[in-house]
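If you want the building blocks of each chain, they are given just below.
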Amino acid sequence: MSVFQKAYRGDIHIDFVGHRKRFFIFSGVIIAISLLALGLRGFNLGIEFEGGVSIEVENANEVSVTEMRDAIDSIGLTGAKVQSVRDLSGREDIRVETEELSSDQQVELRALVAEVAGGEVGDFEAVSATFGSRVISIAIRALVIFLFAVTIYISLRLEWKMALAALAALFHDVLFTAGIYALIGFEVTPETIIAVLTILGYSLYDTVVVFDKVLENVSERGERHTYAALVNMSMNQVLMRSINTSLTSLLPVGMLLFVGSFLLGATTLREFALALFIGIAVGTYSSIFLAAPLLAVWKEHEEHWQRMRRRVERKGGAGEYAAKGIVSPDETPAEIAASINAAVARAPRKRRRHR
Amino acid sequence: MGRRVALITVLVTLGLIWGSLAAVLGTGTTPKLGLDLQGGFSVVLEAPEGTDAGVLEKAVEIMTRRIEALGGVQEPVLKVVDDRNIQVELPGVTDRERARAAVGTTGQLEFRPVITYSTIGVSPLLFDAQQANALQESLEASLQEVEPTDDTTTTSSPTTTSSTTTTTIPEDVPLDLAGVLPAGISLCEDDVAANDQLGCVDPVTGLSVGDDPLKEAWLLNPETGYIYHVAPACLRADWLAGTCADSRLDPTVPEGEQRALLGADLAGSEKQYQSQGGGGPIGVGGGGVGQWVVILDFNDEGAAKFEAVTKELAAFAYGDPQRQFAIVLDGQVISAPSMSPEITAADGISGGTAIITLGSSDDPEQEAEDLSVVLRYGALPVSFVESTSQEVSATLGSDSLSAGLIAGIGGLILVALAMLLYYRFLGLVNIIGLTLFGSFVYVAFGVLGATSGVTLTLAGVAGIIVSVGITSDSYIVYFERIKEEVHRGRSLQSAIDHAFARAFRTILTADTVSLFAAVLLYFLAIGSVKGFALALGIATFADVLIAYFYTRPAVALVARTRFGEGGRLSIRGATGAAKEVVL
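Bear in mind that the values here come from a model prediction, so they are computed numbers and not experimental data. (Residues numbered from 1 in each chain as written. Chains lettered and ligands numbered in written order. Predicted model: local features only at pLDDT ≥ 70, side-chain atom pairs only at ≥ 80, totals over all residues. Heavy atoms only, no water.)

## Considering the environment of valine 201 of chain B
All names here are of chain B. Note that valine 201 resides in strand β6 (residues 200-201). Assessed through its relative accessible area of 0%, valine 201 is described here as buried. In this structure, the C-alpha to C-alpha distance between valine 201 and leucine 177, residues 24 residues apart in sequence, is 8.8 Å. The contacts of valine 201, once residues within four sequence positions are left out, are Leu125, Leu177, Leu181, Ile185, Ser186, Leu187, Cys188, Gly206, Leu207, Ser208 and Trp218. (Helix = DSSP H or I, 4+ residues; strand = E, 2+ residues; numbered from the N terminus. Buried < 20%, exposed > 50% of the residue type's maximum accessible area, 1.4 Å probe, protein only. Contact = heavy atoms within 4.5 Å.)

## So, the sheet that holds strand β14 (residues 353-357) of chain B
The strands that make up a sheet are held in pairs by hydrogen bonds between backbone atoms, and each pair lies either parallel or antiparallel. Residues and elements named next belong to chain B. The 3 strands are arranged β10-β11-β14 in an open sheet whose pairing can be described as antiparallel. The open sheet is flanked by β10 (266-275) and β14, the only strands paired with a single partner. Averaged over all pairs of adjacent strands, the angle between their axes in this sheet comes to 25 degrees, without regard to strand direction. Two elements, β10 and strand β11 (residues 290-298), share 9 bridges in a ladder whose sense is antiparallel. (Pairing = 2+ DSSP bridges. Axes fitted to C-alpha atoms, helices over the stretch in contact; angles between N-to-C directions.)

## Section: the nonpolar core
Judged by nonpolar contacts, the single largest core of 135 residues is most densely connected at Phe211 of chain A together with Phe445, Tyr478 and Tyr550 of chain B. It is helix α13 (residues 528-560) of chain B that provides the largest number of residues to this core, a total of 19 residues. With near-sequence residues (within four places) excluded, tyrosine 550 of chain B lies in contact with Val10, Thr13, Leu14, Val429, Ile432, Gly433, Leu436, Tyr475 and Leu545 of chain B. One finds Val294, Ala303, Ala368 and Leu371 of chain B within the second-largest nonpolar core, a separate group that totals 24 residues. (Core = buried A, V, L, I, M, F, W, Y, C linked by side-chain atoms within 4.5 Å.)

## Focus on the pattern of salt bridges
All chains considered together, the criterion is met by 24 salt bridges over all chains. In this structure, arginine 112 of chain B engages glutamate 110 of chain B in a salt bridge whose closest nitrogen and oxygen atoms are separated by 2.8 Å. Looking at arginine 112 of chain B, the relative accessible area reads 0%, which means it is buried. Arginine 488 of chain B is the salt-bridge partner of glutamate 484 of chain B, the closest N and O atoms lying 3.3 Å from each other. Exposure remark for glutamate 484 of chain B: the relative accessible area of 17% places this residue in the buried category. By sharing partners, the salt bridges in this structure join Asp212, Lys213, Glu216 and Glu220 of chain A together with Arg481, Glu484, Glu485, Arg488, Arg490 and Arg502 of chain B into a single network. (Salt bridge = Lys/Arg side-chain N within 4 Å of Asp/Glu carboxyl O.)

## Some words on the state of the cysteines
Residue and element names in this part refer to chain B. Scanning all chains against the criterion turns up 2 disulfides over all chains. Each sulfur in the disulfide pair cysteine 188 and cysteine 200 lies 1.9 Å from the other. One disulfide, between cysteine 188 and cysteine 200, carries an S-S torsion of 90 degrees and so falls in the right-handed class. Of this pair, cysteine 188 sits in the loop between α5 (124-146) and β6 while cysteine 200 is found in strand β6, placing the two residues 12 residues apart along the sequence. Across the pair, cysteine 200 and cysteine 188 agree in class, each one buried. Numbered by order of appearance in the sequence, the disulfide-linked cysteines of chain B pair as 1-2, 3-4. (Disulfide = S-S within 2.5 Å.)

## Some thoughts on empty space enclosed by the protein
Under the criterion given, the structure shown has 5 cavities of 30 Å³ or more. In this structure, the largest cavity spans a volume of roughly 160 Å³. If you trace the largest cavity, you find 13 residues lining it, with Lys213, Val238 and Arg241 of chain A together with Val477 and Arg481 of chain B closest to the centre. Listed by contribution, the elements that provide at least two residues to the lining of the largest cavity are α8 (190-221) and α9 (227-264) of chain A together with α11 (458-487) and α12 (492-524) of chain B. Taken as a whole, the second largest cavity holds about 120 Å³ of empty space. Around the second largest cavity, the lining residues are Phe146, Leu197, Thr198, Gly201 and Tyr202 of chain A together with Val466, Ile470, Ser514, Ala517, Leu521, Phe532 and Leu536 of chain B. Of all elements in the fold, only α8 of chain A together with α11, α12 and α13 of chain B reach the threshold of two or more residues within the lining of the second largest cavity. Per-element tally for the lining of the second largest cavity: the top contributor is α8 of chain A, with 4 residues. Among the residues making up the lining of the second largest cavity, the classes are represented as 9 nonpolar, 3 polar and no charged. (1 Å grid on protein atoms, 1.4 Å probe; cavity = no way out; pocket = protein on both sides within 12 Å on 5 of 7 lines; lining within 4 Å. Points joined across faces, edges and corners; volume = space filled by probe spheres on them. Nonpolar A, V, L, I, M, F, W, Y, C, P; charged D, E, K, R; others polar.)

## Digging into the sheet that holds strand β8 (residues 217-220) of chain B
Residues and elements named next belong to chain B. Strand order in this open sheet of 5 strands is β8-β9-β5-β12-β13, and the pairing throughout is antiparallel. What marks the edges here is a single partner per strand, and that holds for β8 and β13 (332-335). For this sheet, the mean inter-axis angle between neighbouring strands, taken without regard to orientation, is 55 degrees.

## Here's the deal with the interface of chain B and chain A
Counting residues at the interface gives 72 residues for chain B and 61 residues for chain A. Buried area between chain B and chain A, both sides added, is near 5900 Å², and the carbon and sulfur share of it is 63%. Among the residues of chain B in contact with chain A, Tyr422, Val513 and Leu524 of chain B are the three that bury the most area, contributing 11% of the side total. Here glutamate 216 of chain A ties to arginine 481 of chain B by a salt bridge, and the two come within 2.8 Å at their closest N and O atoms. Where chain B meets chain A, there are 10 residue pairs in polar contact (both at pLDDT 80 or more). If you list the elements that add at least two residues to the side of chain B that touches chain A, you get β2 (40-46), α4 (96-104), β15 (385-392), α9 (394-423), α11, α12 and α13 of chain B. (Buried area = accessible area lost by both parts, 1.4 Å probe. Polar contact = N/O pair within 3.5 Å; in protein donor to acceptor, adjacent residues only side chain to side chain.)

In structure tokens form, the structure reads like this:
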């Protein structure tokens, strides 16, 4: 039976926690690259954040980018960014972006651009810099509050350590997406914020479902397995579900990507869909290969679970889900004695008193 | 779940949702499309810091009436967003400059007697200052000549005049205007807020900044380039006596004391075509065929004031600038007509009507119309600054809509196919559920659009597309759980029931996180992110409802049919387990 069929039936036993080192290293590399990209290149902010004027016009006269730029320079507006883009119907447009302009300058620029390109103005936007920075601060504030509220909710519903592990996976996802944007140089617009929030929401959602399963297994079989084994068990059980969910999320986004970039060739739609696509894929990856192993390692250090590990290993029942690579701590004879005593402590006493 | 209960629940749910869809489609309450899906113009106007909420509401009212009077805009949306911004959305508007002017113009109108004016674009104030300087110099020069008589030994030649005066005045230094400003008016200072120094004078240009109708001012006519020195907007007698006060401008003045002649004294204004050149008692005749003018109708009190003002003005001779009065709109002179010679100081102009003749323009009729609309509904209570504006052409709008629809529907179809592949007949349950989901969202947006003016934007469409993934996940969680329970050895019936109990908990937990995100975003963000949040919230809510009221009973029903226990296509077949094992 193929791996896929096994997974479909729920028959697989992949050791996620045991192999965690390679996942951690992989994630580490990704984060390092992203940080590098962010530090060196920074973001390409759109006018909604920096302020400015953006005009997208149909390039009926088929002028080149340099011709347009020269025309704009000639009316005294230097430093304009001019590029050729494809709009939503696949038609070739020219997009001009400048810094903040006065109303009169806006009118002048619009007339000039329309004349040079010879086509219809599709999209015209003017944003003041103060408004742009307000949008940024509002977005950041919303993000912080969201993370805070979600952490509290997950802590209440599941466990606080799970909340933190989920947050770690989140940061990883967002950092990675930001790194991609910085590396490739996509423009950061409010739609980017939407993409990032979608990825956040999706990653959290996925992680919560996985952890929910872990919690369930802990409550049902927590007496017989180490935490790492429980996590492995849960992961294998939800693997199919996780893959299915990413697929059903990626399908509509993939459609958007396909429609956007191949069918129509629309630039902004393609960038948005690509960001979403990569982000959702990374979100799935981080829930399974990052958040869960992290949680396992963390929880294993708790006293209760260390005792459990020793007990399981002593009984020799490593089980099919045991995680290789997690070793129980060295014990002194005194500790062994103490744990044995603790294990048999209760029952006899009451009877003795009765005598 | 009992068979009857399941059947009833499913039928009721299907009926409700599909029924409301039919109702919405039938009554035409389709979702309102946002600007980026149908084209139009939108602008966000920012009020000064600390503006009262009531003031913002009043401004919205005035702007709405102006837009409606202009016509040609279907369903404009004007609303206050957060504490100092007004968002104006005008779908279908093609002439953005007109629309912009209509909502952005403050419309503060004043009638001020002219004192003097300059035609060469230099403020009369600068002339005064220069004259004062020259006077000063010659005064000092003559003083110099008088001085040396005390000192006979050192005879510095007394005839050398201004070139050797101790007070050197280099020629290119900005003229000091402070010396020639009338009492009560100061030079503008950079670090004082504009609102605290209304009517101050710019030290370089000699023009007034921030128009205060109760003070003298130096104002520009942007079309002719003339700069006028005007008196306060009261009777000359009041001005000279110092009693020019108005309770509408200064709250410390007792109510009823309204001596200024302002736009608030108008009862109405219309555009009018006047043949044979400027008619009426005032206004310089344009000559020729005719022209568009704006008629101003004063109310009773305004008419009386107007008559009194014109009587005063008529006392000056024809040709004297002081016979003119300036019509000032938002701190700029739009017209400064002189009264025709027939009007005497005894009559003034009665009848309470004034005429504004416009300067040259490409479309005088439109200009007259726009101006009359702005004046008709009164001035905006505060002046706004444009913080962002966006114009989307109709073609771009409809392209965006089609792209969104194709992606959305295409995505839905793909997801449905995938679910069929994985879960066989259960996938069919899912497909019906997806149609329910789509209907719910459509109805929600339609109703919200009709009641609260909520529009569906491209961001909203993106939100819905993303939620398709989330709602499919609910099914997946449930179905996988059923699989698990069956593998544990439960009978199909009990597997379904147990699975749902557990799965719903998971779905609820995870969907709450999504709802959190949506609600937070909605209240904290502005613009397109808000639309996304709304779509996400509605979709997530739909998901929870449908999972409980449809999926559960539907699966229970299916299990009882041969599709439950049957061959490969059935539920049991999908779980991949052998036929029921008796424990």
